[in-house]
Amino acid sequence: MSLGCCGARAYLDAMTDSVAMWALPASKLERYCTEIGVLARANKTLTSFHSRRREDVEAGKQPTVRQSLERLSS
């Protein structure tokens with residue numbers, strides 16, 4: 001299967017080396033979107049966990065993982 005990557009890069013200025021081109025079968029699009037939602041929520045939780053943990057560490061505390069997890073629910 002050809003996605004025309006070589007041709008696209010030859011004729012489209014937007015297709016620099018920092019741009020990736022990929023394809024996904026339409027039958028898998030809904031599952032892909034669901035997975036992206038799950039990952040986005042997980043990243044939001046992890047960002048909060050690490051931000052709060054960093055605040056504690058910078059304040060001179062030495063929180064355990066359990067303590068940091070408990071802070072998420074407060």
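Residues numbered from 1 in each chain as written. Predicted model: local features only at pLDDT ≥ 70, side-chain atom pairs only at ≥ 80, totals over all residues. Heavy atoms only, no water.

Caption draft 1: Summary view of the packing of helix H2 (residues 29-58) against helix H3 (residues 65-72). Close contact between H2 and H3 brings their axes to 9 Å; oriented N to C, the two are set at 115°. Relative to H3, H2 is oriented so that their crossing is right-handed. Contacts between H2 and H3 pair Thr45, Ser48, Phe49, Arg52, Arg53, Glu55 and Asp56 from the former with Val65, Ser68, Leu69, Arg71 and Leu72 from the latter. Residue composition of the contact of H2 with H3, by class: four nonpolar, three polar and five charged. (Axes fitted to C-alpha atoms, helices over the stretch in contact; angles between N-to-C directions. Helix = DSSP H or I, 4+ residues; strand = E, 2+ residues; numbered from the N terminus. Left-handed = near helix turned anticlockwise from the far one by under 90°. Contact = heavy atoms within 4.5 Å. Nonpolar A, V, L, I, M, F, W, Y, C, P; charged D, E, K, R; others polar.)

Caption draft 2: Up close: the side chain of Asp56. Residue position: Asp56 is located in helix H2. Classification of Asp56 as buried rests on a relative accessible area of 10%. Sequence-distant contacts of Asp56, defined by excluding residues within four places in its chain, comprise Lys61, Pro63 and Arg71. (Buried < 20%, exposed > 50% of the residue type's maximum accessible area, 1.4 Å probe, protein only.)

Caption draft 3: Spotlight on the side chain of Ser68. Note that Ser68 resides in helix H3. The exposure class assigned to Ser68 is buried, which follows from its relative accessible area of 2%. Sequence-distant contacts of Ser68, defined by excluding residues within four places in its chain, comprise Phe49, Arg53 and Pro63.

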